[in-house]
Amino acid sequence: MSVELGKPDRGSVPVHVVDRQTWPEVASRLPKADARWLQTLGFVGAPDSHALLPGADGQLAAVWAGVATASHPWALAALPKNLPVGAYHLAGEVCGGLVLEASAAAMSWELGAYRFDLYKAAKREPARLVLPGSKAAEHGLLLAAAIASTRDLVNTPAEHMGPAHLAEVAKLVARQHGATFKQTVGDKLLGAGFPAVHAVGRAAASDRAPRLIELHWGKPKHPRLSLIGKGVCFDTGGLDIKSADGMRQMKKDMGGAAHVLGLAQLVMALQLPVRLQVLIPAVENAIAGNAYRPGDVYKTRKGLHIEIGNTDAEGRVILCDALAYAAESQPALMIDMATLTGAARVALGPQLPALFCRDIGQARALVDRGLALHDPLWHMPLWAPYHGGIESEIADIVNTGAGPMGGAISAALFLEDFVPADQEWLHLDLYAWNSSSRPGRPVGGEAQSLRTLIAYLEDRFGAGTGSGNDMGSGIGQPAPGAARRARP
Ligand code: BES
Ligand code: ZN
Ligand code: ZN
């Protein structure tokens, strides 16, 4: 942890925070020599910029840091890896500087220090921030821990993050929060009614057998919440093999599973009054003599027959059984998350997960919430007239669309057929990856829309806690990085 809650150490360096708007006023109140020095460095309070202020003794006396706003979630993210190693604290309102919102301060610093260091040690340790303990600061650290564990799972190569590893991580998360864990593995999937999960995963090596991972938590009296995540630990494309370029990042095809585990950790740590069910169909989309084939038809859990138009459209195949199973217990809300289609990336690029939802008002409210939290997602339509494109000559539906257009919608419509009409449901087609680096968000695995979703869930199910980021809900035992400790 690079953020500690408590009293600053002696010798810890104050960090003064300003934004561009307040900087001129603040600068006018500073001792002349300090103002002149900061002017020499060109410091004007721009977001992600900082300046070091030496004391008369040549030691580091203070840091000035620019932020976009006092509650920006990435406010301090540029500092931990760029400030000299040592301890820092926030100076507060000296000379009219900004007082940062504690949750944003804690999260941005902690994630500013994030690095995937499983195989390569960091060249230097990050600077440390000591913050006064508060519910808000704890909330920020919880968010950071969930995001870091989501990233770690995505970043871990398929060799060390196969279906069995993913199950171990889920088991650890369950143990940490008193949830129950269950998995249905290999041929047992057939007897248990998950034939589509079995079909996709059956070509994998026996120690990487397909499985349905389940986690249950909460009290029976509370409303049910189902989280379903695509857990394709590696996507070769199957017999419809991907190109080398297309396959290169496919360790991240369990990004949906990583997200639901991250979200579940938050739901449980915040003790949301829900009865939580997490479902992860975990498979490797591999190539072998017993691989499922283009043209095959499988009867799914729901009874619908699906034709395989392309073995690379495997996500919707494994998810259809999991969605049907989740719907059987009629949850108040079902959310699935998946790195489902390249088409969603063509439409929205890497930063914007596509949100599909039958209730347009609800979708728009989520989009607004995401924008407000700087954790965006974008609404796309479940456009029923395109359903014809996924109808099959020999089965009920086929896992490819009529042509190359609207691929994210075809995939979402396929999933929709497994969700009863009156069932509330959100589907997120996401990238789970930063393709370029920003402060706090290095290239590699990323948690997307997690903060937006937990804020929504806190508002909806929490005991009247307001914005979700203002805390108030009892924070249970924080489980910082349960999954981080589950490294192979
Ligand atoms: N895992 C991929 C989708 C993907 C690719 C997500 C790249 C993020 C980045 C998925 O299983 C897939 O391959 N989908 C195909 C479907 C097609 C064959 C109908 C796609 O999107 O090309
Ligand atoms: Zn695929
Ligand atoms: Zn895939």
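1. With respect to the overall build of the chain
Line of reasoning, step 1. Looking only at helices and strands, one finds 14 helices and 20 strands in the chain.
Line of reasoning, step 2. Here the chain has a C-alpha radius of gyration of 24 Å; the compact-globule value for 488 residues is 23 Å, and the two agree.
Line of reasoning, step 3. Along the longest, intermediate and shortest principal axes, the C-alpha atoms of the chain span 80 × 50 × 40 Å.
Line of reasoning, step 4. Per-residue burial for the chain yields a buried fraction of 56% across its 488 residues.
Line of reasoning, step 5. About 19,100 Å² of surface is accessible on the chain, with carbon and sulfur atoms providing 54% of the total.

2. Section: the pattern of salt bridges
Line of reasoning, step 1. Following the criterion strictly, the structure yields 17 salt bridges and no others.
Line of reasoning, step 2. When the shortest N-O distance is used, the salt bridge between Arg29 and Glu25 registers 3.1 Å. Remark: Glu25 and Arg29 occur in helix 1 (residues 23-29); sequence separation between them is four residues, near one turn of the helix.
Line of reasoning, step 3. What makes Arg29 partly exposed here is its relative accessible area of 48%.
Line of reasoning, step 4. A relative accessible area of 44% places Glu25 in the partly exposed class.
Line of reasoning, step 5. Within the structure, one salt-bridge network assembled from shared partners comprises Glu4, Asp9 and Arg128.

3. Observations regarding the packing of helix 3 (residues 102-112) against helix 4 (residues 135-155)
Line of reasoning, step 1. For the pair helix 3 and helix 4, interaxial distance at closest approach is 7 Å and the crossing angle is 30 degrees. The orientation of helix 3 with respect to helix 4, classified from their angle, is roughly parallel. Crossing of helix 3 against helix 4: the hand is right-handed. Where helix 3 abuts helix 4, its residues Ala102, Ser103, Ala106, Met107, Glu110 and Leu111 lie against Ala136, Ala137, His139, Gly140, Leu141, Leu143, Ala144, Ile147, Ala148 and Arg151.
Line of reasoning, step 2. Looking at the contact of helix 3 with helix 4 residue by residue, the classes come out as eleven nonpolar, three polar and two charged.

4. Some words on the sheet that holds strand 12 (residues 297-299)
Line of reasoning, step 1. Here we have three strands laid out as an open sheet, ordered 12-13-17, and mixed in their pairing. Edge strands, defined here as strands with exactly one partner in the open sheet, are strand 12 and strand 17 (397-398).
Line of reasoning, step 2. One ladder, built from two bridges, connects strand 13 (residues 305-307) with strand 17; its direction is parallel. Across the sheet, Glu307 pairs through a bridge with Val398, a residue of strand 17.

5. A few points about the environment of Leu276
Line of reasoning, step 1. Residue placement: Leu276 occurs in strand 11 (residues 275-285).
Line of reasoning, step 2. You can call Leu276 buried: its relative accessible area is 2%.
Line of reasoning, step 3. Contacts of Leu276, omitting those with residues within four sequence positions, involve Leu215, His216, Trp217, Leu225, Leu227, Ala264, Val267 and Met268.

6. Comments concerning the coordination of the zinc ion (ligand 3)
Line of reasoning, step 1. Donor atoms from the polypeptide that coordinate the zinc ion (ligand 3) comprise Lys230 (NZ), Asp235 (OD), Asp253 (OD) and Glu314 (OE), at 2.0 to 2.4 Å from the metal.
Line of reasoning, step 2. Mapped onto the sequence, the residues coordinating the zinc ion (ligand 3) show the spacing K-x4-D-x17-D-x60-E.
Line of reasoning, step 3. The metal-metal distance between the zinc ion (ligand 3) and the zinc ion (ligand 2) is 3.2 Å, with Asp235 coordinating both. Residue Asp235 is located in strand 10 (residues 231-235), and its partner Glu314 is located in the loop between strand 13 and helix 10 (315-328); the two are separated by 79 residues in the primary sequence.

7. Some points on the site of ligand 1
Line of reasoning, step 1. What surrounds ligand 1 is a group of 17 residues, the closest being Lys242, Asp253, Asp312, Glu314 and Gly342.
Line of reasoning, step 2. Grouping the amino acids of the shell around ligand 1 by side-chain chemistry returns four nonpolar, five polar and eight charged.

8. Focus: the packing of aromatic side chains
Line of reasoning, step 1. Applying the stated criterion across every chain, the model contains eight aromatic pairs.
Line of reasoning, step 2. Note on Trp23 and Phe43: the rings are 5.0 Å apart at their centroids and 90 degrees apart in plane angle, and the pair reads as edge-to-face. Taken together, the residues Trp23 in helix 1 and Phe43 in the loop between helix 2 (32-40) and strand 3 (50-54) connect sequence positions 20 residues apart. Grouping residues by exposure puts Trp23 and Phe43 together as buried.
Line of reasoning, step 3. Between Trp23 and Trp64, the aromatic rings sit 5.6 Å apart at their centres with planes inclined by 70 degrees, giving edge-to-face as the arrangement. Of the two residues, Trp23 sits in helix 1 while Trp64 sits in strand 4 (residues 60-66), which places them 41 residues apart along the sequence.
Line of reasoning, step 4. Three or more aromatic residues joined by ring pairs form one cluster here, namely Trp23, Phe43 and Trp64.
Line of reasoning, step 5. Geometry around Phe194 places Arg301 over its ring, the cationic atom sitting 4.6 Å from the centre.

9. Concerning the environment of Ala136
Line of reasoning, step 1. Within the secondary structure, Ala136 is located in helix 4.
Line of reasoning, step 2. The buried category is assigned to Ala136, whose relative accessible area is 16%.
Line of reasoning, step 3. On a C-alpha basis, the gap between Ala136 and Ala102 in space is 5.6 Å, while along the polypeptide they are 34 residues apart.

10. What about the coordination of the zinc ion (ligand 2)?
Line of reasoning, step 1. The zinc ion (ligand 2) binds to the protein through Asp235 (OD), Asp312 (O), Asp312 (OD) and Glu314 (OE), with metal-donor distances spanning 2.0 to 2.2 Å.
Line of reasoning, step 2. Its six donor atoms give the zinc ion (ligand 2) angles of 73 to 169 degrees at the centre, a pattern that matches the irregular case.
Line of reasoning, step 3. When the donors of the zinc ion (ligand 2) are listed by position in the chain, the intervening gaps give D-x76-D-x1-E.
Line of reasoning, step 4. The class for Glu314 is buried, based on a relative accessible area of 0%.

11. Re unusual backbone geometry
Line of reasoning, step 1. Even without being a glycine, Asp48 presents a positive backbone phi close to 70 degrees.
Line of reasoning, step 2. Exposure remark for Asp48: the relative accessible area of 39% places this residue in the partly exposed category.
Line of reasoning, step 3. If you check the backbone angles, Gln330 has positive phi at about 45 degrees while not being a glycine.

12. A word on the environment of Ala288
Line of reasoning, step 1. Mapped onto the elements, Ala288 comes out in the loop between strand 11 and strand 12.
Line of reasoning, step 2. Sequence spacing of Ala288 and Ser206 is 82 residues, and the spatial spacing of their C-alpha atoms is 12 Å.

Rules of the game
- Residues numbered from 1 in each chain as written.
- Chains lettered and ligands numbered in written order.
- Predicted model: local features only at pLDDT ≥ 70, side-chain atom pairs only at ≥ 80, totals over all residues.
- Heavy atoms only, no water.
- Helix = DSSP H or I, 4+ residues; strand = E, 2+ residues; numbered from the N terminus.
- Rg over C-alpha atoms; globule rule 2.2 N^0.38 Å.
- Buried < 20%, exposed > 50% of the residue type's maximum accessible area, 1.4 Å probe, protein only.
- Areas by Shrake-Rupley, 256 points an atom, 1.4 Å probe, with all protein chains shown as cover.
- Salt bridge = Lys/Arg side-chain N within 4 Å of Asp/Glu carboxyl O.
- Axes fitted to C-alpha atoms, helices over the stretch in contact; angles between N-to-C directions.
- Parallel < 35°, antiparallel > 145°, perpendicular 65-115°, else oblique.
- Left-handed = near helix turned anticlockwise from the far one by under 90°.
- Contact = heavy atoms within 4.5 Å.
- Nonpolar A, V, L, I, M, F, W, Y, C, P; charged D, E, K, R; others polar.
- Pairing = 2+ DSSP bridges.
- Donors = N, O, S within 2.8 Å, 3.2 Å for Na, K, Ca; no water.
- Near = heavy atom within 4 Å.
- Phe/Tyr/Trp six-rings, centres within 6.5 Å; stacked < 30°, edge-to-face > 60°.
- Lys NZ or Arg CZ within 6 Å of the ring centre and 35° of its normal.
- Tetrahedral: all angles 85-135°; square planar, octahedral: opposite > 155°, others 65-115°.

Interpretation note: all reported values are geometric properties and have no functional meaning in isolation.
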